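Spelled out from the first residue to the last, the chains are:
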Amino acid sequence: MNTDQLELFATRDLIDELLRRTTFQGVIIHALDGAKNRHWTGERMFAVHHNANLETEEASRLLDVVSQYIANRT
């Protein structure tokens, strides 16, 4: 995948590419409705993905650490 042209790929293609990589160890979170801007009102649905490099419990702990970090920065 050419990094100069990432904006030309669909979100699902980018997610699939990351999840295929054996070196990827992380969690992907994205808006299901394809967020078009930074601000929204009301409820928004998100999807969470991780590959076999993380067990579900590990991904959950990672998200917990990230949420605590974000909360402590404000």
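Scroll up a little and you will see the structure.
Structure report, in brief. Please read all numbers here as calculations on a predicted model, not as lab measurements.

### Section: the overall build of the protein
Then, number 1: The number of helices and strands found in the protein is two helices and two strands.
Then, number 2: For the protein, the succession of helices and strands along the chain, N to C, is α-β-β-α.
Then, number 3: For 74 residues, the compact-globule estimate of 2.2 N^0.38 gives 11 Å, and the C-alpha radius of gyration of the protein, at 14 Å, exceeds that figure by more than 25%.
Then, number 4: Over its C-alpha atoms, taken along the principal directions, the protein stretches across nearly 35 × 30 × 20 Å.
Then, number 5: Accessible surface for the protein amounts to roughly 6300 Å². Of this, 52% is attributable to carbon and sulfur atoms.
Then, number 6: Positive and negative side-chain charges of the protein, numbering 8 and 11 respectively, have mean locations separated by a distance of 5 Å.

### Concerning the pairing of strand β2 (residues 46–49)
Then, number 1: Alternating positions in β2 separate cleanly, Ala-47 and His-49 being buried on one face and Phe-46 and Val-48 remaining unburied on the opposite face.
Then, number 2: With four bridges connecting them, strand β1 (residues 28–31) and β2 associate as antiparallel partners. Its bridge partner lying in β2, Ile-29 is registered against Val-48.

Reading guide: rules and limits
Residues numbered from 1 in each chain as written. Predicted model: local features only at pLDDT ≥ 70, side-chain atom pairs only at ≥ 80, totals over all residues. Heavy atoms only, no water. Helix = DSSP H or I, 4+ residues; strand = E, 2+ residues; numbered from the N terminus. Rg over C-alpha atoms; globule rule 2.2 N^0.38 Å. Areas by Shrake-Rupley, 256 points an atom, 1.4 Å probe, with all protein chains shown as cover. Lys, Arg positive; Asp, Glu negative; His and termini not counted. Charge placed at Lys NZ, Arg CZ, Asp CG, Glu CD. Buried < 20%, exposed > 50% of the residue type's maximum accessible area, 1.4 Å probe, protein only. Pairing = 2+ DSSP bridges.

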